[in-house]
Amino acid sequence: MSTDGNKKQFWKRNTAKVPGSIQHVYGAQHPPFDPLLHANLIKAGNKPQTTPGGKPKKATTFQEFESITSDAWDVGDDDDELLAMAAQNLNIEVVMETANKVIENHSKQQEKQRQDDADASELEDREEEEHEEDVEEQWEEGEESTPEVSFACEPSPLSDGRRVKSLSEAPIGSPKDTSLHRQQSLPHRPTIPMVARIADQNTSGTPAMTEREASRLDKFKQVLAGPNTDLEELRKLSWSGIPRQVRPITWKLLSGYLPANTERRESTLQRKRQEYFGFIEQYYDSRNEEHHQDTYRQIFERILFIWAIRHPASGYVQGINDLVTPFFVVYVFEYTKEEVENFDVSSLQEAALRNIEADSFWCMSKLLDGIQDNYTFAQPGIQRKVKALEELVSRIDETVHVHMQQYEVEYLQFAFRWMNNLLMRELPLRCTIRLWDTYQAEPEGFSHFHLYVCAAFLVRWRKEILDQRDFQGLMILLQNLPTMHWGNEEVSVLLAEAYRLKFAFADAPNHYKR
């Protein structure tokens, strides 16, 4: 009881205001502390007030508490002196005079800087003109240009044929920066934009096809031109990527949406598209009175709604919406050469847009039919694949596996999304489309081959994973892998490694186990 009494007395003794109690905090939701307006808070000499009895007065404000407190890390600081100086009343005339001088000096400096920039600009222009004249003379005389000249005047592959000039397109600074600008104009390995890294005509605006790409396109056209398409030969050609011009028809054939017989394709397309919009009228329109809006959101909403209605065992699961995107983008390319990211779908004719929507629905349905257990209750398909991924990685790279175990990283924490979204959240869309070229060509590509792609993808970041020394660092890395600038080359290497793993392990399941 005495202890309880002491506790009560202790809390009673500490009822006075101390730092940490609820008081006004300057600089938070109140105006900042102004020493001119609150000069009474700062006393000359910063001496603590004392009562007549000689005892120091209890601090009632933070400033008073600070003035009677000396912390070890405050030794040598001049805060008190500065505050005292600021608290003194300043002569307003002196303040205004000083401010005017500062403004005047600043204006003079700005004017001088503008004059220097103008002089530098004239100098740069003259040097550029002389440089271009020299280059033209060299070309006319048939002389070999120096490395600097050849790279400076060579059309850039990333500038749509426009000539990139060494100096005129660089930022203009003072004459002292001229040498720096010239150094920056020397040839170096450029950072290639995302769109420019797509080869095989994957996007619009790519450079002219090489001889090899043109030859591959001709092979595709020959296979597709026959009365009955040889799907096995088409798969072999598609494994290494599909040219943009024939990707829509190739995806429809390889997914099973269209028949191999060319005479039956048009009737099949009409029947399947009418069937889809019959579902729209029967299920979607009856629940949504508003008229169809031709936006990405409304189109995707209708596709996912009809799929969920037709597949009650799974319904809609978060992540399925991602799987519509590649089909939609590829089929939009049938009707436009613009970049889809900047393309307004409402500019398409209604018939074309309806065809794209229906084709995307049926091809997505074909894909999901092979991996539907990924999206049923508790998603058992994903659980099995993540476990298989863990066993596979433990066999092909034990060091990475043990490292993640050491820091208690569970495969389900990062690989669930890889399986649920088929790596769409880890790769740029252009890389996903290239990846799906191979998935379409590979038997059980989405359901089985994807496992080996995920294993190769994880081991691809071996060095970065081993450099992380805690759980948080590993999770941040695995959920934000630096693939923004990936292109066809990186995806092709990834697929080749995945195929090697499949060849070694697919027909020998005991290799998974120790």
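Quantities reported herein were computed from a predicted structural model and do not represent experimental measurements.

Colleague: Mind showing me how you'd approach the overall build of the chain here?
Modeller: A count of helices and strands for the chain gives 21 helices and 0 strands. Counting every position in the chain, which comprises 514 residues, the buried fraction comes to 38%. Contacts in the chain between residues far apart in sequence, at least 24 positions, make up 69% of those at least 6 positions apart. Total accessible area on the chain is roughly 31700 Å²; 52% of this is exposed by carbon and sulfur atoms.

Colleague: Even after reading the chapter, I still don't get the pattern of salt bridges, so can you show me in this structure?
Modeller: Opposite charge on two side chains permits pairing when their charged atoms draw close. Applying the stated rule across the entire model yields 14 salt bridges. The salt bridge involving Asp359 is made with Arg273; its shortest N-O contact spans 2.7 Å. Taken as a pair, Asp359 in helix 13 (residues 350–370) and Arg273 in helix 10 (residues 262–284) lie far apart in primary sequence, 86 residues in all. Take Asp359 and Arg273: they sit in the same class, and that class is buried. Two residues, Arg462 and Asp397, come together in a salt bridge whose shortest N-O distance is 2.7 Å.

Colleague: Explanation requested: helix 11 (residues 296–310) in the structure shown.
Modeller: Given 3.6 residues per helical turn, the α-helix brings residues three or four places apart onto the same face. Along its 15 residues, helix 11 runs 21 Å from first to last C-alpha, staying within 8% of the 21 Å computed at 1.5 Å per residue. Here helix 11 has its buried residues at Gln298, Ile299, Phe300, Arg302, Ile303, Leu304, Ile306, Trp307 and Ala308. Buried residues along helix 11 sit against helix 10, helix 12 (320–332) and helix 13.

Colleague: Whenever I open this one, the packing of helix 10 against helix 13 confuses me. Can you help?
Modeller: One way to put it is that helix 10 packs onto helix 13 with a least axis distance of 9 Å and a crossing angle of 90°. Taken together, the axes of helix 10 and helix 13 are roughly perpendicular relative to one another. For the pair helix 10 and helix 13, the contacting residues are Leu269, Lys272, Arg273, Glu275, Tyr276, Phe277, Phe279 and Ile280 in the first and Arg354, Asn355, Glu357, Ala358, Asp359, Phe361 and Trp362 in the second.

Colleague: Looking at this model, I keep getting lost on helix 12. Mind explaining?
Modeller: Burial of helix 12 is extensive: 11 of the 13 residues sit out of reach of the surface. For helix 12, the complete set of buried residues consists of Ile320, Asp322, Leu323, Val324, Pro326, Phe327, Phe328, Val329, Val330, Tyr331 and Val332. Packed against the buried residues of helix 12 are helix 9 (247–254), helix 11, helix 13 and helix 17 (429–441).

Colleague: Honestly, the confidence of the model for the chain in this entry has me stumped. Any pointers?
Modeller: Low-pLDDT stretches of the model should not have their predicted coordinates read in fine detail. Chain-level pLDDT for the chain is 73 on average; 57% of the residues reach the 70-or-more range. With pLDDT under 50 throughout, residues 71–79 is counted as low confidence; its partners more than four residues away or in other chains account for 0 contacts. Across residues 142–206, confidence stays below pLDDT 50; counting only partners more than four residues off in sequence or on other chains, it has 95 contacts.

Colleague: It is not clear to me how the packing of aromatic side chains should be interpreted in this structure. Could you clarify?
Modeller: Note on aromatic pairs: each is described by the distance of the centres and the angle between the planes. Evaluation of the coordinates by the stated rule reveals 22 aromatic pairs. For the pair Tyr276 and Phe277, a centre-to-centre distance of 5.0 Å together with 80° between the ring planes defines the contact as edge-to-face. Across the pair, Phe277 and Tyr276 agree in class, each one buried. Here the aromatic rings of Trp418 and Phe457 are separated by 5.2 Å at their centres, their planes lie at 75°, and the arrangement is edge-to-face. Highlighted residues: Trp418 in helix 16 (residues 411–420) and Phe457 in helix 18 (residues 445–460), separated in sequence by 39 residues. Of the residues examined, Phe457 reaches a relative accessible area of 0% and is grouped as buried. Among the aromatic residues, ring-to-ring pairing joins Trp239, Trp251, Phe327, Tyr331, Trp436, Tyr439, Phe446, Phe449 and Tyr499 into one connected group.

Basis of the calculations
Residues numbered from 1 in each chain as written. Predicted model: local features only at pLDDT ≥ 70, side-chain atom pairs only at ≥ 80, totals over all residues. Heavy atoms only, no water. Helix = DSSP H or I, 4+ residues; strand = E, 2+ residues; numbered from the N terminus. Buried < 20%, exposed > 50% of the residue type's maximum accessible area, 1.4 Å probe, protein only. Contact = heavy atoms within 4.5 Å. Areas by Shrake-Rupley, 256 points an atom, 1.4 Å probe, with all protein chains shown as cover. Salt bridge = Lys/Arg side-chain N within 4 Å of Asp/Glu carboxyl O. Expected span 1.5 Å × (residues − 1). Axes fitted to C-alpha atoms, helices over the stretch in contact; angles between N-to-C directions. Parallel < 35°, antiparallel > 145°, perpendicular 65-115°, else oblique. pLDDT = per-residue confidence, 0-100. Phe/Tyr/Trp six-rings, centres within 6.5 Å; stacked < 30°, edge-to-face > 60°.

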